[in-house]
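# Structure assessment
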Amino acid sequence: MNLNLDGTKPIYLQISEWLEREILNGNFESDQKIYSQYQLAEIFNINPATAAKGLNILADENILYKKRGLGMFVTSAAKEMILTKRKNETLKKLVQEIVLEAERLSVSKGELIEMIKAADLGGEEK
Amino acid sequence: MSVITCNGLTKKYGRNKALNNLSFSIEENKITGLIGRNGSGKTTLLKIIAGHLKETSGEIKVFSEKPYNNLMVSANIIFIHDQMNLPAALNLKEILVVAANFYENWNSELANRLFDYFSFNPSHYYQDLSKGMKSTFNSILGLSARCPLTLFDEPTTGMDAGVRHDFYRAMLKDYISYPRSIIISSHHLNEVEDLLEDILLIKEGKEHLHLPSEDFKEWSIGMQGKTAIINEWTVDKEIIHTRSIGLDQSYVVVRNQFSEQEVQRARIAGIELSPVSASDLCVYLTSKTEGGIDDVFNHG
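Chains are numbered independently. Their residues run from 1 in the order of the written sequence. The lettering of chains begins at A and the numbering of ligands begins at 1, in the order of writing. Local features are withheld for residues below a pLDDT of 70 in this predicted model, meaning they are given only at 70 or higher, and side-chain atom pairs are given and counted only at 80 or more; totals for whole chains, interfaces and linings count all residues. Where side-chain values are given, they derive from all heavy atoms of the structure, hydrogens and water being excluded.

### Observations concerning the interface of chain A and chain B
We call two residues contacting when some pair of their heavy atoms lies within 4.5 Å. Across the boundary between the two partners, chain A contributes 22 residues, which contact 21 residues of chain B. When two parts are put together, the accessible area they lose, computed with a 1.4 Å probe and summed over both, is reported as buried area. Across the chain A to chain B interface the summed buried area is about 1800 Å²; carbon plus sulfur atoms make up 52%. By definition here, a salt bridge exists when the distance from a side-chain nitrogen of Lys or Arg to a carboxyl oxygen of Asp or Glu is within 4 Å. Seen at the junction of chain A and chain B, the total is 4 salt bridges. For lysine 53 of chain A, the salt bridge goes to aspartate 215 of chain B, with nearest N and O atoms at 3.5 Å. Side-chain atoms alone can form a polar contact between residues adjacent in sequence; in general such a contact is a pair of N or O atoms within 3.5 Å, and within protein one must be able to donate a hydrogen while the other accepts it. The tally of links between chain A and chain B comes to 8 residue pairs in polar contact (both at pLDDT 80 or more). Only DSSP runs of H or I covering at least 4 residues are called helices, and only runs of E covering at least 2 are called strands; the numbering of each starts at the N terminus. Broken down by secondary-structure element, the contributors of at least two residues to the side of chain A that touches chain B are helix H1 (11–24), helix H2 (37–44), helix H3 (48–60) and helix H4 (78–104) of chain A. Broken down by element, the side of chain A that touches chain B gets its largest block of residues, 5 residues, from H4 of chain A. Charged means Asp, Glu, Lys or Arg here, nonpolar means Ala, Val, Leu, Ile, Met, Phe, Trp, Tyr, Cys or Pro, and polar covers whatever is left, Gly included. Each residue belonging to the side of chain A that touches chain B can be placed in one class, and the counts come to 10 nonpolar, 6 polar and 6 charged.

Written out as structure tokens, the structure is:
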């Protein structure tokens, strides 16, 4: 992944989101050691303190846990917590944006719901 | 622990104050960006830290000692700038050999690898190098010396984009394997900001802002929308930059003191909110007027 460096999103948030994706993808299982701040700094060419901030966010949310002197590890509930978090925060925000844009364009709620359904039909489920 | 503390630091050249009552402190083992416009006092400050210049008044301590004419301080500092005085009688390779005697932590392997990577010719002389090659050679000295305090004053002057990129990465990698205090002044903040832990912004010889680089991005917020609505929202805010767009739209940068709910309400009111990059913010903050260059043309 390349970081979006135009300043639209803090780097440490991009780091924590990238780590979340790595966990969701199954690249890191529970109780597996995750990248250190120095590895992340090298991968993304950023200051190690910024990388540490990204790791600490996930530790505060109990997605990672610290082992003194050994580094950060993935908790057993990590995957589930990331999914719930994304549903409650990321998805909610996106929906708000959509509703706002629909209002600007005077698209009714009913029409919008139809559009969402139509978009869903293109997916792989049905 | 702080490597540098200064209190009320002032430096006068004749009547002109290059540094005016400057106070700040820099923590150990951080990469700090020293940012400011031309003539804001960056180089003067670095020269005082390195002990090349004496302050007019105020206090400065580097490794808890006064830096001017101080052997302990100069043994632990390397100051890289574009007027390095390197021996004209020695060729490039010989300079590297001699430099090893001056710096306790000198890493010859790193120096030689960088020397080869940037395709220097060992038998060439420093004074015959191009501007960009001089800068590149200087930065090899700066990195390989591994001094507890490394000062880079505009290290990338004249370097092409590729070399600048390589230099930044080399600095980061060597910093990771050998943490030390680094101060780098640069006009290319957008290129270095991700490598910095802190940013020290000076304006007209005074400290203007000293923050973790990540906090810079959240320190202000850009608002764009109908001028009337924008004015309503920014009436009691600290305005940093303002620009009109089209017939009735404005872009205004203000201190970001909005709550989550306010941001939401602003969005609904039709204001587009966007983060302001650290380099843009520094330009706005160090500009003498809110409108910047546009004010020159908007007269009458």
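### With respect to the domain arrangement of chain B
All names here are of chain B. Its domain assignment divides chain B into domain 1 (2–216) and domain 2 (218–298). Each domain span listed reflects an automatic or database assignment of domains. Its C-alpha centre places domain 1 at a distance of 34 Å from the equivalent point of domain 2. Tallying the contact residues gives 16 residues for domain 1 and 12 residues for domain 2. With both sides pooled, the region where domain 1 packs onto domain 2 buries about 1200 Å², and carbon together with sulfur makes up 64% of that total. If you sort the residues of domain 1 by the area they bury against domain 2, Arg37, Lys203 and Phe216 come out on top, with a joint share of 42%. Applying the counting rule to domain 1 against domain 2 returns 0 salt bridges. When contributions to the side of domain 1 that touches domain 2 are tallied by element, the ones reaching two or more residues are helix H7 (189–192), strand S8 (198–203), strand S9 (206–212) and helix H8 (213–219).

### Focus on the nonpolar core
Residue and element names in this part refer to chain B. Among the nonpolar cores identified, the biggest contains 57 residues, and Phe137, Leu141, Met171 and Phe216 are the most heavily contacted of them. Of all the elements, helix H6 (residues 161–177) adds the most residues to this core, at 8 residues. The residue makeup of this core includes at least three contributed by each of domain 1 (2–216) and domain 2 (218–298). Apart from residues no more than four positions distant in its own chain, phenylalanine 216 is found in contact with Ile199, Leu201, Leu209, Leu211, Ala278, Leu281 and Cys282. Membership of the second largest hydrophobic core comes to 26 residues, among which are Ile4, Ala50, Phe79 and Leu200. We call a set of buried residues a nonpolar core when its members are Ala, Val, Leu, Ile, Met, Phe, Trp, Tyr or Cys and they connect through side-chain atoms within 4.5 Å of each other. Residue burial is assigned from relative accessible area. The probe radius is 1.4 Å, only protein chains are included, and a residue is buried under 20% of its type maximum, exposed over 50%, and partly exposed in between.

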